[in-house]
Amino acid sequence: MEERLCWGILGTATIAVDQVIPAMLDAAYCKIVAIASRSEARAKEVAQKFGIAKSYGDYSFLLEDPKVQAVYIPLPNHLHVEWAIKALRASKHVLVEKPIALHKNEALQLAEEIKAHPRLKVMEAFMYKFHPQWVKTKQMVDDGQIGHLKMVQASFSFFEDDSNSIVNNKSFGGGSLMDIGCYPVSVSRFLFGAEPKFVFSNLEYDPDSQVDIHASGTLEFEQGQAIFFSSIRLAEHQEVKLFGTQGSIELELPFNPHGDRMARIWWSKDAVRKEIAIPQSNQYTLQVDAFSKAILNKGGLPFSLDDAIANMAVIDALVESDRLGKAIAP
């Protein structure tokens, strides 16, 4: 196995600069060799900040770099599939930010393209799944430590009303459901290990931007139910609670736990509430190392492109359910 996979970063978005690049620098199996931005000056600034050898003022120039083996794409949602396909055609592996696409049909275009590149790998960057708190929680659920899982209650919110923000731009794929509602959708599917039979939702749209500012809904699974809401006009908050036939689990910070301190899970059963401390870790580092190792070892990915497509199908169904005012089967 090669020691490290050589990475290029397509974009200088906040998530890349504040979270992912620092995490990659701490990773055991990856090395950042290049970064690109629409602004050559911005690319050079970020490259100098993190000690990245090469910077480009054009995404295409980075894809032409023969030293780059894989790319991370933190671009706005409407550019995910376009640049993932271009990266594949340039013989690069791709880790692309969530959500994978603007809708299921666009995600299927990426799935069709990957057929022409059987040596390459594509994965959606849902980093939360790699955190030990979720590894532990999933194990507890699967082991029946709360009995049969019957209900998932999840929410994610923050306040952003700046009209210049990407999250408030409809053409860029903004809105609460796409930006953060995708997490409760994903975690519900992850925990039940299945796809919902049908979904029902209610979305509230901003009259000016036309993006959904609040989204709430129900996902009905064969085994149980998930209830969620997301919002970009409420105070910052995140929560996931699991209810089983014999107990419950609650996570302190389910999606963005602190990387410099322990995470906490509360497990309740038989009228006893127990705190479980999870060692501190960086979920972004764990994610990129897992992806890099899959490539270096020529192994399977932790999560497939099919999983990303299925998540988009549920998001599409939630939008359609609100439009029609009735339950929809994804």
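The text that follows walks through the structure, step by step, so that each part is easy to find. These numbers come from a predicted model, not from an experiment.

What to know about the environment of Gln133
Next, step 1: One can find Gln133 in helix 6 (residues 132-142).
Next, step 2: On a C-alpha basis, the gap between Gln133 and Gln246 in space is 20 Å, while along the polypeptide they are 113 residues apart.
Next, step 3: Once residues within four sequence positions are removed from consideration, Gln133 is found in contact with Leu251, Leu253, Pro254, Pro257, Ala263, Arg264, Ile265 and Ile278.
Next, step 4: Looking at Gln133, its side chain comes within polar contact range of the main-chain oxygen of Leu253, at 2.9 Å.

Let's talk about the pairing of strand 6 (residues 122-125)
Next, step 1: Where strand 5 (residues 93-97) lies against strand 6, 4 bridges are found, and the strand directions are parallel. From the neighbouring strand, Leu95 faces strand 6, where its bridge partner is Met123.
Next, step 2: Regarding the hand of the β-α-β motif, the stretch spanning strand 5, helix 5 (residues 104-114) and strand 6 is right-handed.

Remarks on the environment of Ala70
Next, step 1: Among the secondary structure elements, Ala70 is positioned in strand 4 (residues 70-73).
Next, step 2: On the accessibility criterion, Ala70 (0% relative accessible area) is buried.
Next, step 3: Between the C-alpha atom of Ala70 and that of Ala28, which follows or precedes it by 42 residues, the distance is 15 Å.
Next, step 4: Leaving out residues up to four positions away in the same chain, Ala70 has contacts with Leu5, Cys6, Trp7, Gly8 and His93.

Remarks on the environment of Asp212
Next, step 1: Relative to the elements of secondary structure, Asp212 occurs in strand 9 (residues 212-220).
Next, step 2: Look at Asp212 and you get buried, because its relative accessible area is 6%.
Next, step 3: Excluding residues that lie within four positions of it along the chain, Asp212 makes contacts with Gly174, Gly175, Ser176, Leu177, Leu203, Glu204, Tyr205 and Ile232.
Next, step 4: Of note is the side chain of Asp212, whose polar atom sits 2.7 Å from the side chain of Ser176.
Next, step 5: From its side chain, Asp212 meets the backbone nitrogen of Leu177 in a polar contact 2.9 Å long.

What to know about empty space enclosed by the protein
Next, step 1: Under the criterion given, the structure shown has 1 cavity of 30 Å³ or more.
Next, step 2: When its volume is computed, the largest cavity comes out at roughly 50 Å³.
Next, step 3: What lines the largest cavity is Met123, Glu124, Phe126, Lys129, Phe130, Phe303, Ser304, Asp307 and Ala308.
Next, step 4: For the lining of the largest cavity, the elements supplying multiple residues, two or more each, are strand 6 and helix 9 (305-324).
Next, step 5: Along the lines of polarity and charge, the residues of the lining of the largest cavity split into 5 nonpolar, 1 polar and 3 charged.

Observations regarding the sheet that holds strand 2 (residues 30-36)
Next, step 1: Sheet architecture is open: 6 strands sit in the order 3-2-1-4-5-6, paired in parallel fashion. Both edges of this open sheet fall to strand 3 (54-56) and strand 6, since each of them pairs with a single strand only. The mean inter-strand angle of the sheet, taken between neighbouring strand axes irrespective of direction, is 25°.
Next, step 2: Taken strand by strand, helix 4 (residues 80-89) contacts strand 1 (5-10), strand 4, strand 5 and strand 6, and its axis lies near 170° from that of strand 5.

Quick notes on the pattern of salt bridges
Next, step 1: One pass over the full model with this rule turns up 16 salt bridges.
Next, step 2: One salt bridge connects Asp65 with Lys54, and the closest N-O pair in it is separated by 3.2 Å. Remark: Lys54 occurs in strand 3 and Asp65 occurs in the loop between helix 3 (59-63) and strand 4; sequence separation between them is 11 residues.
Next, step 3: Residue Asp65 is classed as buried on the basis of its relative accessible area of 2%.
Next, step 4: Overlapping salt bridges bring together Lys129, Arg189, Glu195 and Asp307 as one network.

About the criteria used
Residues numbered from 1 in each chain as written. Predicted model: local features only at pLDDT ≥ 70, side-chain atom pairs only at ≥ 80, totals over all residues. Heavy atoms only, no water. Helix = DSSP H or I, 4+ residues; strand = E, 2+ residues; numbered from the N terminus. Contact = heavy atoms within 4.5 Å. Polar contact = N/O pair within 3.5 Å; in protein donor to acceptor, adjacent residues only side chain to side chain. Pairing = 2+ DSSP bridges. Right-handed = clockwise from strand over helix to strand, strands pointing away. Buried < 20%, exposed > 50% of the residue type's maximum accessible area, 1.4 Å probe, protein only. 1 Å grid on protein atoms, 1.4 Å probe; cavity = no way out; pocket = protein on both sides within 12 Å on 5 of 7 lines; lining within 4 Å. Points joined across faces, edges and corners; volume = space filled by probe spheres on them. Nonpolar A, V, L, I, M, F, W, Y, C, P; charged D, E, K, R; others polar. Axes fitted to C-alpha atoms, helices over the stretch in contact; angles between N-to-C directions. Salt bridge = Lys/Arg side-chain N within 4 Å of Asp/Glu carboxyl O.

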